[in-house]
Amino acid sequence: MFDKLKAIEEKYDALTAQLSDPEVVADAARYARLAKQHSELTEVVEKFREYRTIDANLTGARELLNETDDAEMQALAREEIALLEKQRAECQLELARLLTPKDPNDGKNVLLEIRAGTGGNEASLFASELLRMYLRYAERQGWRVQILDESLSEVGGLKEGIMLIEGARVYSRLKHESGVHRVQRVPATESAGRIHTSTVTVAVLPEAEEVEVEIDPKDVRIDTFCSSGPGGQSVNTTYSAVRLTHLPTGIVVSMQDEKSQIKNREKAFRILRARLLDLERQKQHEAIAGERRAQVGTGERSEKIRTYNFKENRVTDHRIGLTLHQLDTVLEGDLDSLLDPLVAHFQALKMQTEVAA
């Protein structure tokens, strides 16, 4: 690990020198590219230098302990050694985390899809609450949200909703939300006070760039039709709604949110690209399914990942065995108390995999 860290530090110093070169400063594109590389290495280099400082201080404290006969000085030296050993171990662990390969999708925007599962109207009502929860969390993070598609149930719940969330490292925070979310509560229509169990599925897809997913126009059938539902006078009079069918995979995307056919087509292609990228990632995951299942489970969306129990104000994440009695604040968008332990858990598993490899 330390040979790798030294090489990173040398590259960092070389980039620092280049960024001071007048020729580089004069070339805006080159300067921006080098500055980005420099910024990406800054955290690990600073942590490595902190480690070396701690290690040097630890060596000095040990030398002092061996050289002095003064009992008071020896006691102080032992106390300092204990503190420095703890700091060095923490620093080394952080360096291992920083060197663990990052998910290339972590910095991407996401398409978050919510669908009511089993439970009928109660499932759709909870789906709308989850949509609101993610909207509130995005607001807290300063992210931009655009509702791309929304289908409501007869009771005003959400049958299906798709939103685009844009901002800094959105996927890195939300990627572990994919899965089945189970709710346990007494529905408003339940006169006997019995608790019902319903489910909602959530899918978090990194938004694919056009260069990542090439779609051959011959592989896509484009159908247009009249919009249905709210939309004013243009409803059922203009063919503004768009349906894309990707022939090789059978993936179908319909979009009627906008009155403009062009805008609906653009949104539909964004969703199609994300779904095709997700399909490709699933194929790659299947190739290493045995090893992955042994470490973190299958990660498939069919797994129940979380339970929301209203009677006990409890939310439980089954993957890490975490239970919080603050469901009310979680549904208001306070998700960090769940997401921070999840990110740390999966990061630790990834580090263990790297060490074992």
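For every chain, the first residue of its written sequence is number 1, and the numbers climb from 1 along that sequence. This being a predicted model, a pLDDT of at least 70 is required before a residue's local features are given, and a value of 80 or more before pairs of side-chain atoms are given or counted; all residues contribute to the totals for chains, interfaces and linings. To get the side-chain values, all heavy atoms of the structure are used, and hydrogens and water are removed first.

A.B. asks: Explain the nonpolar core to me, please; I cannot follow it from the model alone.
C.D. replies: Proteins that are soluble and globular tend to have nonpolar side chains buried together. The definition of a nonpolar core used throughout is a set of buried Ala, Val, Leu, Ile, Met, Phe, Trp, Tyr and Cys residues joined through side-chain atoms within 4.5 Å. Only protein chains enter the accessibility calculation, which uses a 1.4 Å probe. A residue is then buried if its area is under 20% of the maximum for its type, exposed if over 50%, and partly exposed in between. Among the nonpolar cores identified, the biggest contains 35 residues, and Leu-112, Ile-114, Leu-130, Tyr-134, Ile-165 and Leu-174 are the most heavily contacted of them. Secondary structure follows DSSP: runs of H or I at least 4 residues long count as helices, runs of E at least 2 residues long count as strands, and numbering of each begins at the N terminus. Of all the secondary structure elements, the ones that give two or more residues to this core are β1 (110–116), α5 (120–141), β3 (158–166), α6 (170–174), β5 (196–206), β11 (322–324), α9 (327–331) and α10 (336–356). With eight residues, α5 is the largest single contributor of residues to this core. Once residues lying within four places of it in the same chain are set aside, the contact partners of Tyr-134 are Leu-112, Ile-114, Met-163, Glu-177, His-181, Val-202 and Leu-335. One finds Tyr-12, Leu-41, Leu-98 and Leu-99 within the second-largest nonpolar core, a separate group that totals 21 residues. Should any heavy atoms of two residues lie within 4.5 Å, those residues are considered in contact.

A.B. asks: What should I look at first to understand the sheet that holds strand β7 (residues 241–246) in this one?
C.D. replies: Taken in spatial order, the three strands make up an open sheet running β6-β7-β8, and their pairing is antiparallel. Among the strands making up the open sheet, the edge pair consists of β6 (220–225) and β8 (251–255). Sheet twist, expressed as the average angle between the axes of neighbouring strands with direction ignored, equals 15°. Strand pairing is defined by DSSP finding a minimum of two bridges between the two strands. Sheet analysis places β7 next to β8, joined by five bridges and oriented antiparallel. Pairing of Thr-245 across the sheet is with Val-252, part of β8. Only the stretch in contact is used when fitting a helix axis, every axis being a line fitted to C-alpha atoms; angles between N-to-C directions are given from 0 to 180 degrees.

A.B. asks: Explain unusual backbone geometry here, please?
C.D. replies: Across residues other than glycine, the phi torsion is negative in most instances, and most of the peptide bonds are trans. With a phi close to 50°, Arg-169 is a non-glycine residue in the positive phi region. Residue position: Arg-169 is located in the loop between β3 and α6. One non-glycine residue, Asn-313, adopts positive backbone phi at about 50°. Checked against the element boundaries, Asn-313 lands in the loop between β9 (304–309) and β10 (314–317).

A.B. asks: Got a minute to help me understand the packing of helix α3 (residues 28–67) against helix α4 (residues 71–99) in this structure?
C.D. replies: Between two packed helices, both the angle of their axes relative to each other and the distance between the axes serve to describe the pair. Two elements in contact, α3 and α4, have axes whose closest approach is 9 Å; the angle formed by their N-to-C orientations is 155°. Judged by the angle between their axes, α3 and α4 are roughly antiparallel. Crossing of α3 against α4: the hand is left-handed. All amino acids are sorted into three groups, where Ala, Val, Leu, Ile, Met, Phe, Trp, Tyr, Cys and Pro are nonpolar, Asp, Glu, Lys and Arg are charged, and the leftover types, Gly among them, are polar. Among the residues forming the contact of α3 with α4, the class breakdown is 16 nonpolar, four polar and 11 charged. Here the angle decides the label: under 35 degrees means roughly parallel, over 145 means roughly antiparallel, 65 to 115 means roughly perpendicular, and every other value means oblique. What makes a crossing left-handed is the near helix being turned counterclockwise from the far one by less than a right angle; a clockwise turn instead makes it right-handed.

A.B. asks: Can you help me understand the environment of Asp-334 in this one?
C.D. replies: With respect to the helices and strands, Asp-334 occurs in the loop between α9 and α10. If we ignore the near neighbours within four places in the chain, the residues touching Asp-334 are Arg-140, Gln-326 and Thr-329.

A.B. asks: What is the right way to look at the pairing of β1 in this model?
C.D. replies: Moving residue by residue along a regular strand, the side chains alternate between the two faces of the sheet. For β1, a buried count of five out of seven residues is recorded, marking the element as mostly surrounded by other parts of the structure. Here six bridges tie β1 to β3, and the two strands are oriented antiparallel to one another. The residue bridging Leu-112 from the neighbouring strand is Met-163, located in β3. Examined bridge by bridge, β1 and β5 share seven bridges and lie antiparallel to one another.

A.B. asks: It is not clear to me how α5 should be interpreted in this structure. Could you clarify?
C.D. replies: Three- or four-residue spacings in an α-helix give side chains the same orientation, since the helix completes a turn every 3.6 residues. Helix length check: α5 (22 residues) gives 32 Å between terminal C-alpha atoms against 32 Å at 1.5 Å per residue, within 8%. Looking only at α5, the buried set comprises Glu-122, Ala-123, Ser-124, Phe-126, Ala-127, Leu-130, Leu-131, Met-133, Tyr-134, Tyr-137 and Ala-138. One fewer than the residue count of a helix, multiplied by 1.5 Å, yields its expected span.

A.B. asks: Before we go on, may I ask you to explain the packing of helix α1 (residues 2–18) against α4 in this structure?
C.D. replies: Interhelical geometry of α1 versus α4 gives an angle of 70° and a closest axis separation of 12 Å. In this view, α1 runs roughly perpendicular relative to α4, as classed from their interaxial angle. α4 is crossed by α1, and the crossing has left-handed handedness. Of the residues in α4, those touching α1 at Phe-2, Lys-4, Leu-5 and Ile-8 are Gln-92, Leu-95 and Leu-99. When grouped by side-chain class, the residues that make up the contact of α1 with α4 number five nonpolar, one polar and one charged.

A.B. asks: For this particular structure, what's the right way to read the packing of aromatic side chains?
C.D. replies: In this description, an aromatic ring pair is defined by two values, namely the gap between the centres and the angle between the planes. Put simply, two rings from Phe, Tyr or Trp (the six-membered ring, in Trp's case) pair if the centres are within 6.5 Å, and we call them stacked under 30 degrees between planes, edge-to-face over 60, tilted for the rest. Counting across every chain of the model gives five aromatic pairs. The interplanar angle of 35° and the centroid separation of 5.1 Å between the aromatic rings of Phe-2 and Tyr-51 together place this pair among those described as tilted. Linking Phe-2 in helix α1 with Tyr-51 in helix α3, this pair joins segments that are 49 residues apart in sequence. Residue Tyr-51 is classed as buried on the basis of its relative accessible area of 9%. An aromatic cluster of three or more residues is present, and its members are Phe-2, Phe-48 and Tyr-51. Working rule: Lys NZ or Arg CZ, within 6 Å of ring centre, within 35 degrees of ring normal, means a charge sits over the ring. Between Arg-52 and the ring centre of Phe-48, over which it is positioned, the NZ or CZ distance is 4.6 Å.

Interpretation note: all reported values are geometric properties and have no functional meaning in isolation.
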